[in-house]
Structures are given as C-alpha cells and as structure tokens.
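Listed below, chain by chain, are the residues.
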Amino acid sequence: MTLQRPMFPPRREVETIEPFALQDVFVVSLVRVERIGSVRRLVFAVPENGDPDMPMRVVTARLVLPAEALAEIAAQLMDAPADTGAATVARFCSTVN
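Residues numbered from 1 in each chain as written. Predicted model: local features only at pLDDT ≥ 70, side-chain atom pairs only at ≥ 80, totals over all residues. Heavy atoms only, no water.

Undergrad: So what about the pairing of strand β2 (residues 39-48)? Which residues, and what values?
TA: It is a general feature of regular strands that their side chains alternate between the two faces of the sheet. The sheet contact formed by strand β1 (residues 29-36) and β2 spans seven bridges and is antiparallel. Directly across from I36, in β2, lies its bridge partner V39. Once β1 ends, the chain turns through two residues before running back antiparallel as β2, passing G37 with a positive phi of about 60°. Note: β2 against strand β3 (residues 56-66), ten bridges, orientation antiparallel. The partner of P47 across the bridge, within β3, is R57. (Pairing = 2+ DSSP bridges. Helix = DSSP H or I, 4+ residues; strand = E, 2+ residues; numbered from the N terminus.)

Undergrad: For the pattern of salt bridges, give the residues involved together with the corresponding values.
TA: One pass over the structure, following the stated rule, counts two salt bridges. Note that E34 and R32 form a salt bridge whose closest N and O atoms lie 2.6 Å from each other. Overall, R32 belongs to the partly exposed group, its relative accessible area being 41%. Here R41 ties to E34 by a salt bridge, and the two come within 2.8 Å at their closest N and O atoms. The exposure class of R41 is partly exposed, given its relative accessible area of 27%. Residues joined in a network through salt bridges with shared partners are R32, E34 and R41. (Salt bridge = Lys/Arg side-chain N within 4 Å of Asp/Glu carboxyl O. Buried < 20%, exposed > 50% of the residue type's maximum accessible area, 1.4 Å probe, protein only.)

Undergrad: Residue-level account of the confidence of the model for the chain, with values.
TA: Summary statistics for the chain give a mean pLDDT of 81 and a share of 75% for residues scoring 70 or more. Looking at the elements of the chain, mean pLDDT is at its lowest for helix α2 (residues 86-96), recorded as 52, and at its highest for β3, recorded as 95. (pLDDT = per-residue confidence, 0-100.)

This is the structure:
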C-alpha cells in the first residue's frame, strides 16, 4: 500500500477589503511591547507639548496581534524602500520574540 500526498487546491491570493473607514492614528514612538500569552500588545505614543521641564508622552494607540504576525510585519518593513528605520526594525523584532 502506498500513501499518497493529498491534493490541495492551489493557494489563492487573499483579497483584502475595507468595509468601513478606520481612523488613522499618528504615533511617534513605540513605548513598550507587552507579552500576553500568545499575543503581543504594542503601545504607541506621541510627545506631549506641555511643560518643557517635565517631558511626557501620550499613548495614542495600542495594537494587539499574534506574536507570529510580528515576523511578517518585520519582513514587510524590511522590504520597504530604504530608509533610516530599517536597522531599528531589525533590532526591535529580535527583542520581541
């Protein structure tokens, strides 16, 4: 008896739709990465322009995603047009897993 590999249909490109408008959120820095089981929460912020003697940041966005998705995001960022942030992305991704 010979085992045969099952025949799966070829993979199709996944279509992406945006059924409703999402608000854009501006961020300047990644404040922290929180590990919550198999997901990660990335917390982003912008500088607060208040008292110059007491600099602060204001959290503007929190992104929760599976830890595995970080590698895919890093790969897409590394393939993006060259900029000064590529080395920073590589360092960030090596510390998150």
